[in-house]
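Each chain is listed here by its residues.
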Amino acid sequence: MKRGEKVVLGIIAVVVLILMARNFWSIETTKVKDRGIPYYSTATPEQARDAMVIYDQNNCKKCHSLWTVKDLMESVPAPILDGIGSLHDEEWFYRYFSAADPQSIVPSRLKKEWRMPSYQQLPEHDRHVLASYMASLKVKDWYLEETRKAEYEKLTGKAYKP
Ligand code: HEC
C-alpha cells in the first residue's frame, strides 16, 4: 500500500469513529425517564361528572377528543380538549360558548358543518358548568413547553429559544 493510500484510509477510519461516537452519545442522552401522562384536571369528581353529562348531551365528542374518547365514526379535525384549560380561563370559555358566532373568537378554515357550533341556546347553568370544567383541564408545564417548541420549529424551521 502506498503512503498516500494509508493516509486516506486513516482519515476515513477517524471519520467513521467520530460518527459512531456521536451516534452513541445521542442514544445515551435521549434516554429520558418516563414522565407519565401530562394531562390532569383540577375539578372534583362531582364537578367532572356534572360537566361530562352536559358534554355528552351536547355531542361534543362527535368532534372533540377528551381523555382519549372521541366518536370513531366521525372525522372532524377539531382541537383535542385535553389540557385546554392551560390556554384559556373560565371566563374565556363562557364567552366562547355564549357567542352567537364562535368563529369571531376562534377563526376557522374548516367547512361549515365541522366548525364549532354556537351554544348560546344552552341554559346559562350548563354553559357555566362546561366553562368551569374546561378551565380545569390542565397540561403539565414540561409538556406545554415541548409542544410549543415542536410547533414553533415546525412552523418557522428555526430553533426555539424560550
Ligand atoms: C361540529 C363539531 C363540533 C362540536 C359538536 C363541538 N365542537 Fe368545539 N370546536 C370545533 C372546532 C372545529 C373547533 C375549532 C374552531 C373552529 O374551527 O370553529 C372547536 C373549538 C372548541 C374550543 C376552543 C379550542 C381552542 O383551541 O381554543 C373549545 C373549548 C370547544 N370547541 C369545546 C366544545 C364543547 C365543550 C363542545 C360541546 C358542548 C363542542 N366544542 C362541540 C368543533 C366542534
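Predicted model only: the values in this text are computed from it and were never measured. (Residues numbered from 1 in each chain as written. Predicted model: local features only at pLDDT ≥ 70, side-chain atom pairs only at ≥ 80, totals over all residues.)

1. Here's the deal with the domain arrangement of the chain
At step 1: In terms of domains, the chain is made up of domain 1 (1-31) and domain 2 (41-156).
At step 2: In this structure, domain 1 and domain 2 have C-alpha centres spaced 51 Å apart. (Domains from an automatic or database assignment.)

2. Points about the environment of Gln47
At step 1: Residue placement: Gln47 occurs in helix α2 (residues 45-57).
At step 2: You can call Gln47 partly exposed: it has 15 C-beta atoms within 10 Å.
At step 3: On a C-alpha basis, the gap between Gln47 and Ser132 in space is 8.6 Å, while along the polypeptide they are 85 residues apart.
At step 4: Each residue touching Gln47, except ones within four places of it in the same chain, is listed here: Ser132 and Tyr133. (Helix = DSSP H or I, 4+ residues; strand = E, 2+ residues; numbered from the N terminus. Buried ≥ 20, exposed ≤ 12 C-beta atoms within 10 Å, placed from the backbone. Contact = placed C-beta atoms within 7 Å.)

3. Details of helix α4 (residues 124-136)
At step 1: For α4, spanning 13 residues, the distance from its first C-alpha to its last is 18 Å, which sits close to the expected 18 Å at 1.5 Å a residue.
At step 2: Listed in full, the buried residues belonging to α4 are Arg127, Val129, Leu130, Ala131, Tyr133, Met134 and Ala135.
At step 3: Elements that come into contact with the buried residues of α4 comprise α2, α3 (90-98) and β2 (137-139). (Expected span 1.5 Å × (residues − 1).)

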